[in-house]
Amino acid sequence: MSNRTPLYESHLKAGAKVVDFHGWDMPVNYGSQIEEHHCVRKDAGVFDVSHMTIVEVEGKDARAFLHHLVPNNVDKLKNTGKALYTAMLSEDGGIIDDLIIYYLRDDFYRLVVNSATREKDLAWLQKQARSFHVTVTERLGFAMLAVQGPHAIEKVKQVVSPEKMAVIDQLKPFNGLPVDHWFIARTGYTGEDGLEITVPANQAPAFFEALLKVGVHPCGLGARDTLRLEAGMNLYGQDMDETVTPLESNIGWTIAWEPLDRQFIGRKISETQQTEGVKRILVGILLTERGIPRTHDKVMVNGQDVGEITSGTFSPTLEKGIAFARIQASVLGKHCVVESRGKLLQGEFVKLPFVRNGKPVFQPY
Amino acid sequence: MSNIPSNLRYTKTHEWVRKENDGSFTIGITDHAQSLLGDIVFVDAPKVGNDYAAGKECCVIESVKAASDIYMPMAGKVKAVNDKITTAPNLVNADPYNEGWLFKFDATSAADFEQLLDAAAYTAVEQADTH
């Protein structure tokens, strides 16, 4: 039996095509995923992301626990509500998951981890928490809606209480705050401005339908994937997993090396890789001819196999095939060839992201 | 439930075929097929004059989600291709049985048309596919 979010019936009412996504019945589109994509780039769209896992870390050792748990440093979080993107590593430096940590108090943090990795993440968190005075609690009974796009914030404000409007007005990018059993964060997975809003399950359908009434377009997992790819954001399980490290996954910037004596899990191997350099890296590829790179397609430079596509799609903004590929670091140059369904497609390596705030921003290597 | 016009013939691989007044045939993909593929972004249509045996790959349709081969429903020679879908491939999504046709062909044996599935038989194929 599949899991269903509190918005399942609302999706059907809105004309969703529902598919199985790691055990969840989720909307893949409501008609055209390309149209949904453009709505988010130009106006406002809403995604149901209620399948995501919310975890609270509470106790006097909360900060020390997070110092140990993740390579990014929660000491960067000075103000209430400030968020931090980080990976969570195994002892050998592989990525267990990626997550966002919100700082609420010195003894209280909120974590949002992926849904497909929920069980292993919770087990890992509980295991690591044993040596600290903290409790790790999953929060159930909520729905999470991501409202994204240049007009997302103004449209959300049209349908919420004055108290919530006031909170939204004070939210800077990458901050989130609790208000009246909701948690409103200015974060997202699209490369656009917007909010990710957690609401009690029983309030979710009315909120979702109010958003649609003010012209927010419902968007499915299809558009979510093309938007995050254009935005240069990794998908856990596809672009990274336990067999690769942050430096091999284009998220080396999430490792806080200072202070040198902070012993986060996976530090040793991360440091070795930082000093010696990594053999493989994750880069962007833009096809210069018609075609769409697909996961596991071979990438070649000068006729040699140098790696493979981890995620590929058609970019609705650029109207070209785009991809992330994990390749040998030593071969990085301008040109590459992607072998897709027996055809050789010409491409270029580019620095991610491809698109930010509606505009192409990619740079050649 | 998807649209399955009764005046067309079908294949198990979700192509439809229409017999034209001039004796030629037109091929496209079914409403069910376009819905499964999602937004179509490229169509690699065959060249006019190409000969294909029945069941042969003759065309590739690529959606955001996946690339999909189109199989020749009956042996024949390509007579004309729909140029509109090269520039507006989403016509295949929007109007799979009319504006979104793929190409026309002359059949090696027009009688092969009678061997294709009728709407009732294709409805059964589609139901088996979705359940």
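Scroll up for the structure.
Everything in this summary refers to the structure shown in the same document. (Residues numbered from 1 in each chain as written. Chains lettered and ligands numbered in written order. Predicted model: local features only at pLDDT ≥ 70, side-chain atom pairs only at ≥ 80, totals over all residues. Heavy atoms only, no water.)

### Considering the pairing of strand E15 (residues 298–301) of chain A
All names here are of chain A. In this structure, E15 lies alongside strand E16 (residues 304–315), joined through four bridges in antiparallel fashion. Bridged to Lys298 within E16 is Glu308. What sits between E15 and E16 in their antiparallel hairpin is a turn of two residues, with Asn302 showing a positive phi close to 50 degrees. Across three bridges, the pairing between E15 and strand E18 (residues 335–340) is antiparallel. Across the sheet, the residue bridging to Lys298 is Glu339, located in E18. (Pairing = 2+ DSSP bridges. Helix = DSSP H or I, 4+ residues; strand = E, 2+ residues; numbered from the N terminus.)

### Some remarks on empty space enclosed by the protein
Residues and elements named next belong to chain A. Tallying each qualifying case throughout the model produces one cavity of 30 Å³ or more. Considered as a void within the structure, the largest cavity measures approximately 40 Å³ in volume. Lining the largest cavity are Met26, Pro27, Phe47, Asp48, Cys219, Gly220 and Leu221. Mapped onto the lining of the largest cavity, the elements with two or more residues apiece are strand E2 (24–29) and strand E3 (45–48). Tallied by class, residues from the lining of the largest cavity come to five nonpolar, one polar and one charged. (1 Å grid on protein atoms, 1.4 Å probe; cavity = no way out; pocket = protein on both sides within 12 Å on 5 of 7 lines; lining within 4 Å. Points joined across faces, edges and corners; volume = space filled by probe spheres on them. Nonpolar A, V, L, I, M, F, W, Y, C, P; charged D, E, K, R; others polar.)

### Some thoughts on the sheet that holds strand E9 (residues 142–148) of chain A
Residue and element names in this part refer to chain A. Spatially, the six strands line up as an open sheet ordered E10-E11-E12-E9-E3-E13, and their pairing is mixed. Each edge of the open sheet is held by one strand with a lone partner, namely strand E10 (176–179) and strand E13 (217–219). For this sheet the average axis-to-axis angle between neighbouring strands, irrespective of direction, equals 25 degrees. Relative to strand E12 (residues 194–200), strand E11 (residues 182–185) runs antiparallel, the two sharing three bridges. Counted as the bridge partner of Ala185 is Glu196 from E12. Set on the sheet, helix H7 (residues 204–213) makes contact with E3, E9, E11, E12 and E13; between it and E9 the angle comes to about 15 degrees. (Axes fitted to C-alpha atoms, helices over the stretch in contact; angles between N-to-C directions. Contact = heavy atoms within 4.5 Å.)

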